Amino acid sequence: MAFYYYQAWEYNRLADEVSVSSDTKPQEVKVDVPVNFKKLKKANPDIYAWINIPNANVDYPILQSDKSNTYYLNHTINGKWSAYGSIYTEDYNKKDFSDFNTLIYGHNMKNGTMFGSLKKFRDASFFKKNRYINIYLENRILKYEIFAACTWDNKHILASRNFDLPENRNAYIEEMFAVRDMNSQIKKDIKVTPNDKIITLSTCMNNKQKRFLVSGVLVYDSQNP
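Everything numeric here is computed off the predicted structure, so don't read it as measured data. Within every chain, residues take consecutive numbers counted from 1 along the sequence as written. Residues qualify for local features only when their pLDDT is at least 70, as the model is predicted, and side-chain atom pairs are given and counted only at 80 or more; totals for whole chains, interfaces and linings, by contrast, use all residues. For the side-chain quantities, the full set of heavy atoms in the structure was used; hydrogens and water were omitted.

A.B. asks: What am I meant to see in helix 5 (residues 166–177) here?
C.D. replies: An α-helix turns once every 3.6 residues. As a result, residues three or four positions apart point the same way. Here helix 5 contains 12 residues, and its C-alpha end-to-end distance of 17 Å stays within 8% of the 16 Å for a straight helix at 1.5 Å per residue. Note on contacts: a residue pair qualifies if any of its non-hydrogen atoms lie within 4.5 Å across the two residues. Each helix is a run of H or I in the DSSP string that is no shorter than four residues. Each strand is a run of E no shorter than two, and both are numbered from the N terminus. Packed against the buried residues of helix 5 are strand 4 (101–105), strand 6 (140–153), helix 4 (157–160), strand 7 (185–186), strand 8 (198–204) and strand 9 (210–221). In this analysis, the expected span of each helix is defined as 1.5 Å times one less than the number of residues it contains.

Given below as structure tokens:
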């Protein structure tokens, strides 16, 4: 157990070194992005975005490796091996969040770090009160409204579905809104269409045949306010 707490401390220390407070404005930016990407990319050029979920203890850089899709499954932002890994995407997705569905992965850590706090969204009250996911990119802010927090099978969503086809996008949306179980919350009054852009946060569960997903639909883009 001591090893895991040390890994958590080490990760948080590294993150603190490259992040800036929300009160700090980076120089020469077009929008008020509360992250110093110049410093981030100097620390690791694989860092291309930042995810923040208020009240959910999610405030991390997002990485994508050109070496292996699973590299950041067990490596920190500075390339050290760690059971905590990092928050990352795979090369199925572009880095500008222009895909229909951008999958973001993180470990379900017992101490609540990484995506360990996503389990809070199983609670109906927490789900209702905590509505948004912020994504920061260099010179750009994206905001997503959460419409689903649900259990899912462990099939690779992007590898098993061709989202280039509108009918497949629509089928996926309908399938998600049809989820019914004790660990899932769905907000049916939010409209999601095949033309929307969504993000899906994916983490493991104790049941290895299942994943837990938190999904949001894009409701604000600073490039197209």
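Next comes the rest of the account.
A.B. asks: For this particular structure, what's the right way to read a nonpolar patch on the surface?
C.D. replies: A cluster of nonpolar side chains, contributed by Tyr132, Val219 and Tyr220, occupies part of the molecular surface with about 260 Å² of accessible area. Each residue is assigned to one of three classes by its accessible area relative to the maximum for its type, calculated with a 1.4 Å probe on protein chains only: buried under 20%, partly exposed between the two thresholds, exposed over 50%. We classify Tyr220 as partly exposed; its relative accessible area is 34%. Patch membership requires more than 30% relative accessible area and the absence of a salt bridge. Residues of like charge join within 9 Å; the nonpolar side chains Val, Leu, Ile, Met, Phe, Trp and Tyr join within 5 Å. Areas reported here follow the Shrake-Rupley algorithm with a probe of radius 1.4 Å; residue values treat only the protein chains shown as occluding. When a carboxyl oxygen of Asp or Glu lies within 4 Å of a side-chain nitrogen of Lys or Arg, that pair is called a salt bridge.

A.B. asks: Where do I start with the pattern of salt bridges in this structure?
C.D. replies: If the charged atoms of two oppositely charged side chains come close together, the side chains can form a pair. Tallied over the full model, the rule gives four salt bridges. A salt bridge links Asp221 to Arg140; the shortest N-O distance between them is 2.7 Å. Separated by 81 residues along the polypeptide, Asp221 in strand 9 and Arg140 in strand 6 bring together distant segments of the chain. Of the two residues, Asp221 and Arg140, both sit in the buried class. Of the charged contacts in the structure, one is a salt bridge between Asp189 and Lys187, with a shortest N-O distance of 3.4 Å. The exposure class of Asp189 is exposed, given its relative accessible area of 62%.

A.B. asks: How should unusual backbone geometry be read in this particular structure?
C.D. replies: Among all residues except glycine, the phi angle is most often negative; among peptide bonds, the trans geometry is most common. The phi angle at Met114 is positive, at roughly 55°, despite the residue not being glycine. Relative to the assigned elements, Met114 resides in the loop between strand 4 and helix 3 (124–129). The phi dihedral of Asn139 falls on the positive side, at around 65°, and the residue is not glycine. One can find Asn139 in the loop between strand 5 (132–137) and strand 6.

A.B. asks: Explanation requested: the pairing of strand 6 in the structure shown.
C.D. replies: Looking along a regular strand, one sees side chains alternate from face to face of the sheet. Within strand 6, 12 of the 14 residues are buried, which leaves it mostly tucked inside the rest of the structure. By the bridge criterion, six bridges tie strand 5 to strand 6 in an arrangement that is antiparallel. Residue Tyr132 lies in a different strand from strand 6, and its bridge partner there is Glu145. Here the rule is simple: two strands pair whenever DSSP picks up at least two bridges between them. Following strand 5, the chain reverses through two residues before pairing antiparallel with strand 6; Asn139 in that reversal takes a positive phi of roughly 65°. Inspection of the sheet shows strand 6 paired to strand 9 by 11 bridges, in the antiparallel sense. When the bridges of strand 9 are listed, Lys143 appears paired with Tyr220. Where strand 6 and strand 7 come together, two bridges link them in antiparallel fashion. Along strand 7, the bridge assignment pairs Ala149 with Gln185.

A.B. asks: Can you walk me through the packing of aromatic side chains in this structure?
C.D. replies: The criterion for an aromatic pair is that two Phe, Tyr or Trp rings (for Trp, the six-membered ring) have centres within 6.5 Å, with stacked assigned to planes under 30 degrees apart, edge-to-face to planes over 60 apart and tilted to the rest. Counted by the stated rule, this structure contains eight aromatic pairs. Ring centres of Trp152 and Tyr172 lie 5.6 Å apart, and the angle between their planes is 65°; on these two criteria the pair is classed as edge-to-face. You can see Trp152 sitting in strand 6 and its partner Tyr172 sitting in helix 5, a full 20 residues away along the chain. For Trp152, a relative accessible area of 5% translates into the label buried. Judged by relative accessible area, Tyr172 falls into the buried class, the value being 1%. Sitting over a ring, as applied to charges here, requires NZ of Lys or CZ of Arg to be within 6 Å of the ring centre and within 35 degrees of the ring normal. A cation sits over an aromatic face here: Arg122 above Phe212, 5.1 Å from the ring centre.

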